[in-house]
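Here's the letter readout for the chains.
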Number of protein chains: 2
Amino acid sequence: MPRVGIREVAAAAGVSMGTVSHFLNHPDRVSAEKAKRIQEAIDRLGFVRNNAGRQLRLGHSTTIAYIVPDVSNPFFATIAEGVERRAAQAGLSVFVANSGGDPAREDSYLDLFEEHGVRGMLVASPRAIEDRLAAIRGRGTPSVLVGQRASSPAQPSVSIDDVSGGHTAVRHLVDIGCQHIAFVGGPLSIRQVADRLQGASDAIREAGSATLEIIASEPRVIATGHKVAAELIGRTQGRRPDGIFAVNDLLGIGLVQTLATGGVSVPEEVAVVGYDDIEYAENSFVPLSSVRPPHEDFGVAAIDLLLAVLGETQPPPENHLVFTPDLVVRRSTARG
Amino acid sequence: MPRVGIREVAAAAGVSMGTVSHFLNHPDRVSAEKAKRIQEAIDRLGFVRNNAGRQLRLGHSTTIAYIVPDVSNPFFATIAEGVERRAAQAGLSVFVANSGGDPAREDSYLDLFEEHGVRGMLVASPRAIEDRLAAIRGRGTPSVLVGQRASSPAQPSVSIDDVSGGHTAVRHLVDIGCQHIAFVGGPLSIRQVADRLQGASDAIREAGSATLEIIASEPRVIATGHKVAAELIGRTQGRRPDGIFAVNDLLGIGLVQTLATGGVSVPEEVAVVGYDDIEYAENSFVPLSSVRPPHEDFGVAAIDLLLAVLGETQPPPENHLVFTPDLVVRRSTARG
DNA sequence: GTGAAAGCGCTAACAA
DNA sequence: TTGTTAGCGCTTTCAC
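These numbers come from a predicted model, not from an experiment.

Chemist: What should I look at first to understand the relation of the copies chain B and chain A in this one?
Modeler: When chain B is brought onto chain A, the operation consists of a screw motion whose angular component is 180° and whose axial shift is 0.1 Å, with 0.3 Å RMSD remaining. Expressed as a symmetry operation, the mapping of one chain copy onto the other fits a two-fold axis.

Chemist: Is there a simple way to explain the protein's contact with DNA strand D in this structure?
Modeler: For DNA strand D, the set of nearby residues contains 26 residues, the closest of which are Ile 6 and Arg 57 of chain A together with Thr 19, Ser 31 and Arg 57 of chain B. Taking all atoms of DNA strand D within 4 Å of the protein, the share assigned to sugar and phosphate is 63%. Between a phosphate oxygen of DNA strand D and a main-chain N or O atom of Ser 16 of chain B, the distance comes to 3.0 Å. Arg 57 of chain B is positioned with one of its side-chain polar atoms (N or O) 3.2 Å from a base nitrogen of DNA strand D. Every element with two or more residues in the surface near DNA strand D is listed here: α2 (17-25) and α4 (51-58) of chain A together with α2 (17-25) and α4 (51-58) of chain B. The element that contributes the greatest number of residues to the surface near DNA strand D is α2 of chain A, accounting for five residues. Here the residues of the surface near DNA strand D are counted per class, giving seven nonpolar, 13 polar and six charged.

Chemist: I tried to follow the interface of chain B and chain A on my own but got confused; where do I start?
Modeler: Where the parts come together, the accessible area they lose is often given as the size of the interface. The interface is formed by 44 residues belonging to chain B together with 44 residues belonging to chain A. Counting the surface lost from both chain B and chain A, the interface buries some 4,200 Å², and carbon and sulfur atoms represent 62% of this. Looking at the side of chain B facing chain A, the largest losses of area belong to Phe 95, Glu 115 and Tyr 280 of chain B, adding up to 15% of the total buried there. Put simply, chain B and chain A have two salt bridges between them. For Glu 84 of chain A, the salt bridge is made with Arg 105 of chain B, and the minimal N-O distance between the two is 3.3 Å.

Chemist: Looking at this model, I keep getting lost on the packing of aromatic side chains. Mind explaining?
Modeler: Each aromatic ring pair is summarised here by two numbers: the centre-to-centre distance and the angle between the ring planes. Overall, the coordinates contain twelve aromatic pairs over all chains when judged by the stated rule. Considering the side-chain rings of Phe 113 of chain A and Phe 95 of chain B, the 5.2 Å spacing of their centres and the 15° angle between planes classify their relative orientation as stacked. Placement of the pair is Phe 113 of chain A in helix α6 (residues 103-115) and Phe 95 of chain B in strand β2 (residues 93-98), with the two residues belonging to separate chains. The burial state of Phe 113 of chain A is the same as that of Phe 95 of chain B; both residues are buried. Following the ring pairs from residue to residue traces out a cluster consisting of Phe 95, Tyr 109 and Phe 113 of chain A together with Phe 95, Tyr 109 and Phe 113 of chain B. Here the guanidinium or amino end of Arg 196 of chain A rests over the ring plane of Tyr 275 of chain A, the centre of that ring lying 3.7 Å away.

Chemist: Hey, could you run me through the protein's contact with DNA strand C in this one?
Modeler: Close contacts around DNA strand C come from 25 residues, with Thr 19, Ser 31 and Arg 57 of chain A together with Ile 6 and Arg 57 of chain B the closest. Here, DNA strand C places atoms within 4 Å of the protein, and 66% of those atoms are sugar or phosphate. Between DNA strand C and Asn 50 of chain B, the relevant distance is 3.1 Å, taken from a phosphate oxygen to a main-chain nitrogen or oxygen of the residue. Counting residues per element, the ones that place at least two in the surface near DNA strand C are α2 and α4 of chain A together with α2 and α4 of chain B. Here the residues of the surface near DNA strand C are counted per class, giving seven nonpolar, eleven polar and seven charged.

Criteria and cut-off values
- Sequence order sets the numbering: in each chain, residues are counted from 1 along the sequence as written.
- Just so you know, chain letters begin at A and ligand numbers begin at 1, following the order they were written in.
- Local features in this predicted model are restricted to residues whose pLDDT is 70 or higher, and side-chain atom pairs enter the listing and the counts only when it is 80 or higher, whereas totals over whole chains, interfaces and linings include all residues.
- Water and hydrogen atoms were dropped before computing side-chain values, which therefore reflect all heavy atoms in the structure.
- Alignment of copies: least-squares fit on C-alpha atoms of residues with pLDDT of at least 70 in both copies.
- For this description, a residue counts as near a given molecule or strand if any of its non-hydrogen atoms is within 4 Å of it.
- Whenever two N or O atoms come within 3.5 Å, that pair is a polar contact, provided that in protein one can donate a hydrogen and the other can accept it, and provided that, for residues adjacent in sequence, both atoms are side-chain atoms.
- Numbering of helices and strands starts at the N terminus; helices are DSSP runs of H or I of at least 4 residues and strands are runs of E of at least 2.
- Residues were grouped as follows: Ala, Val, Leu, Ile, Met, Phe, Trp, Tyr, Cys and Pro as nonpolar; Asp, Glu, Lys and Arg as charged; and all remaining residues, including Gly, as polar.
- Whether two residues touch is decided by their heavy atoms; if any such pair falls within 4.5 Å, the residues are in contact.
- Here the quantity called buried area is the accessible surface, traced with a 1.4 Å probe, that two parts lose on coming together, added over both.
- Salt bridge, as used here: a side-chain nitrogen of Lys or Arg that lies within 4 Å of a carboxyl oxygen of Asp or Glu.
- Aromatic pairing here means that ring centres of Phe, Tyr or Trp (its six-membered ring) are within 6.5 Å. Orientation follows from the plane angle: under 30 degrees is stacked, over 60 is edge-to-face, and everything else is tilted.
- We call a residue buried when its accessible area falls under 20% of the maximum for its residue type, exposed when it is over 50%, and partly exposed in between, using a 1.4 Å probe and counting protein chains only.
- Two conditions define a charge located above a ring, namely a distance within 6 Å from the ring centre to NZ of Lys or CZ of Arg, and an angle within 35 degrees of the ring normal.

Right, dumping it as structure tokens:
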């Protein structure tokens, strides 16, 4: 099987290589007659344009990279939706890479994409990675940090205001009458968790009379919620919180399940708010109120910021986009 | 900022381009002294090897593509885990692309990856896509079809025996004493759904006395389960099934929730089995029995098959790998 | 509208 | 061990 390149197509169509290339890149500058001959040759020969040659000549590619710690996390997956849609509109393709939370793999993907000459990168990482991105940017590949606010003004980022999210959640609990509120989730060493707690504390302080108990349990999965709820059920009524802010929905779902089946009514005795608004929150046993970060919009914003940096669109008015999450009220906090 | 290539490194290190290239590709063939000088130059200049040039020269890349309809689907995400791990061992990188179930996007990614000259592709698609893959294969890019058994012997595939899975589920229901079994889920035009129903029917036939009712509801999400369960609750006891095989876990979870809270005891009055064994099945209100397809193993198997086709390892003993799913028994079918 | 030719950055074969 | 060099496939001036 002889490789078929632009040269073979040209020969088969009886034109020069240059004309075939023109046909591929500026179809309008080729006569209808030769265009037809070329197209036939392409179809017959099964010609596929070689990207390496093209990119080498052009000096740049037409793809962007999206590096995530965990593809299966609905949060990143939904962002990917928006990213792909918007990138396609801009004529860019998206390659997703999954670091699996492993710094070494993340690093090698960063290298790989830089070697591949991607136009830009969207990087979601739990790690401190700005220095690395700065170096890459210095060599010509721009990036947008996704999910954490960059500290450098030069590093574009798209993030969520978790302090505000935590505040909103607890403020809501206070508003519906909760006085003894528990914060469930950890570890506090994770920025997002710490920020949400910060917002929660602020709301408590503003409320004046309410108290906050911190139950730093991990991992942040349903089973942990079950465990914490079991402990709570064992307490005497007076020592039990009347409102819970779960640092994510999985914890919240677990809490509600065990609480409700264990004889503690939700939301009457204990109201529960989660965070992330994953699909299961809405459909859980007792539908869970939740703080909802923007999803698709977030991906779109990230791409738009990257395009702006690339100079494809207007320059960015602001390098750091911070989204404020909403609250979705459902049965788990619907009192009265 | 002047581009820095192998030429600039060579100049800075006072050696020739060829030596730098050797250093990059066969470090052992370069004297320690020059190696040091080259490494210093690379670090100082921030040299990043240009993949386009490399690949053009080499004639092949060192990446493989994994195309999925939906990255956020835990099924594909878990496979990705296995795929990446195994690929890394083989010195290959994985680019994931998300078709979003859109045939047009799937098609353009297929083109894109072929143009990029990936070593091979792993393709999960709900569509009939074998002809397309055959054409691509004919031009030199092999692939493994993931999730559906290929009909052509020439097209490697890794799939799950859904007929067997459906059989296992219903056989289990029969074994615990169910006589009137409902199959919930659709559309039947989807191969996986049809296969599971086929297996279910087979099990019913073997049982002799039991009956099967088909409730072809979609989409296959929790909310649909709620709806179907509400309808079931409204029936008189005699006309209500005593066992349900939900075609996926989301449906199963929805069914169990509404059934149990609606006063129909699970598993005593109605036993329920789901399919896929997603994380939430185990942690749902009433833990859900489920048919569990292999996950990580599946990804590993897919890559191994691809490597075999690429000739990196032993030739494949068999082009079509079919996995038989297990049953995980939990409370939703734990009678007695 | 079309063709000829230069060269993108790199690797490997060959020469020294 | 090191240097020199041809050329991978493509796009794009530039001439015609």
